[in-house]
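Report on the structure
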Amino acid sequence: MSHELAVSGLSVRYGGSVAVADAGLTFPGGKISAVVGPNGAGKSSLLLAAYGSVPATGRVTLDGEDVSGLGAAGRARRGLALVPQGRQIFARLTVRENLQVMADTLGLPGEEVETALDRFPILRERRRALAGVLSGGEQQMLAVSRALMGSPRALLLDEMSTGLAPLIVAELMDTARRLAEQGTVVVVVEPSISAIRDRLDRGYVLLRGRASEAIDGGRDLDAEYQRAMGVTAPRPPHGAAHDTVSPGGAR
Ligand SMILES: Nc1ncnc2c1ncn2[C@@H]1O[C@H](COP(=O)(O)OP(=O)(O)OP(=O)(O)O)[C@@H](O)[C@H]1O
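Parameters and conventions
For every chain, the first residue of its written sequence is number 1, and the numbers climb from 1 along that sequence. The predicted origin of the model limits local features to residues at a pLDDT of at least 70 and limits the giving and counting of side-chain atom pairs to 80 or more, whereas totals for whole chains, interfaces and linings rest on all residues. Think of it this way: any DSSP run of H or I at least four residues long counts as a helix, any run of E at least two long counts as a strand, and we number them from the N terminus. In this setup the radius of gyration rests on C-alpha atoms only. A globule is expected at 2.2 Å times the number of residues raised to 0.38. Buried, partly exposed and exposed are defined by the number of other C-beta atoms within 10 Å of a residue's own C-beta, namely 20 or more, between the two limits, and 12 or fewer respectively, with C-beta atoms placed from the backbone. Residues are treated as contacting if the C-beta atoms built from their backbones sit within 7 Å of each other. Note on definitions: a nonpolar core is a set of buried residues drawn from Ala, Val, Leu, Ile, Met, Phe, Trp, Tyr and Cys, linked by C-beta atoms within 7 Å. What fixes the domain bounds is an automatic or database domain assignment. By definition here, a helix of n residues has an expected span of 1.5 Å times n minus one. Here a strand pair is declared whenever DSSP counts at least two bridges between the two strands.

1. A few points about the overall build of the protein chain
- From N to C terminus, the protein chain includes eight helices and eleven strands.
- Relative to the 2.2 N^0.38 estimate, which gives 18 Å for 251 residues, the radius of gyration of the protein chain is 19 Å and therefore close to what a compact globule would have.
- A principal-axis box enclosing the C-alpha atoms of the protein chain has dimensions of 60 × 40 × 35 Å.
- Going through the 251 residues of the protein chain one by one, you find that 42% of them count as buried.
- Long-range contacts, defined here as pairs at least 24 residues apart, represent 66% of the contacts in the protein chain between residues at least 6 apart.

What follows is the structure, given as structure tokens:
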């Protein structure tokens, strides 16, 4: 079954400043969607608001069910999962203990911990290691595997690829693709998608809290983002030379 996550009229305010302004975005299962925007555009705020861990106005629906009235724990139990920026694993617990905490939180049986350890071979190998001593890529795999416990309907990945080697990013994107093929909603949020654009199906550009229309195709999404940031000149008329301007306009 293919799932769907949608937000409409979603706004996030911190005191007097607006981080997300009246956003309306739809994330269908079966596809890898991206939200791309520069630092401070409101990407994390958007994800956290969808997940229910920052106060927001507007509506969030999962498979048509309005979950706006639920907190993060309630939304997690409905099948929404978030890998937050910075991963937020428990550094002083072992890999296995980190997974056990999630199993306990969601009331899952012990076998789920074994399944989570098997999701990436390195996790089983390092199951007794303290999570704090894992490499960045290993920590990200732990965070992703933990988020997948309980088979969520929608997985939100906040800056998953930051600081990771291309091979690790490729492995994580393979996992994302397998999930999407099973109908799971997969949303990746990144300040740059140049390295992964061929792995993306669609997405939105977010600038100063405002989202674009949905854009199909990772390459078109990246091109639109570059254009919006002033990195690439608008596509010239047919037959004319294609100028590339300096990236000085980008933040
Ligand atoms: N807890 C907070 N309190 C006050 N302002 C905040 C808070 N969190 C974020 N902001 C502000 O909201 C705006 C959007 O921040 P947000 O972290 O959502 O952007 P982002 O696109 O995820 O940025 P980055 O790529 O740097 O992580 C920024 O101006 C930021 O300073």
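2. Some words on the nonpolar core
- With 74 residues, the main nonpolar core has L155 and L156 as its most contacted residues.
- For this core, the domains that each give at least three residues are domain 1 (1-79 + 153-232) and domain 2 (89-151).

3. Some thoughts on helix 6 (residues 136-147)
- Taking 1.5 Å per residue as the helical rise, helix 6 with its twelve residues ought to reach 16 Å, and the 16 Å between its terminal C-alpha atoms agrees with that figure.
- Of all twelve residues making up helix 6, nine are buried, and the element is well covered by its neighbours.
- Here helix 6 has its buried residues at Q139, Q140, M141, L142, A143, V144, S145, R146 and A147.
- Those residues of helix 6 hidden inside the fold are in contact with strand 6 (80-83), helix 3 (95-106), helix 4 (111-119), helix 5 (121-125), strand 7 (154-158) and helix 7 (166-181).

4. A closer look at the environment of S11
- Tracing the backbone through its elements, the reader meets S11 in strand 1 (residues 4-14).
- Judged by local crowding, S11 falls into the partly exposed class, with 17 C-beta atoms found within 10 Å.
- Along the backbone, S11 and G71 are 60 residues apart, and their C-alpha atoms lie at a distance of 16 Å.
- Residues in contact with S11, not counting those within four places in the same chain, are V18, V20, A21, D22, A56, T57 and G58.

5. What to know about the pairing of strand 9 (residues 202-207)
- The pairing of strand 3 (residues 32-36) with strand 9 spans four bridges and is parallel. By the bridge assignment for strand 9, S33 is matched with R202.
- Where strand 9 meets strand 11 (residues 215-216), two bridges bridge the pair, whose relative direction is antiparallel. Bridge assignment links R202 to a residue of strand 11, and that residue is D216.
- Relative to strand 10 (residues 210-211), strand 9 runs antiparallel, the two sharing two bridges. By the bridge assignment for strand 10, L206 is matched with A211.
- Between strand 9 and strand 10, which follow one another and run antiparallel, lie two residues, and R208 among them has a positive phi close to 45 degrees.

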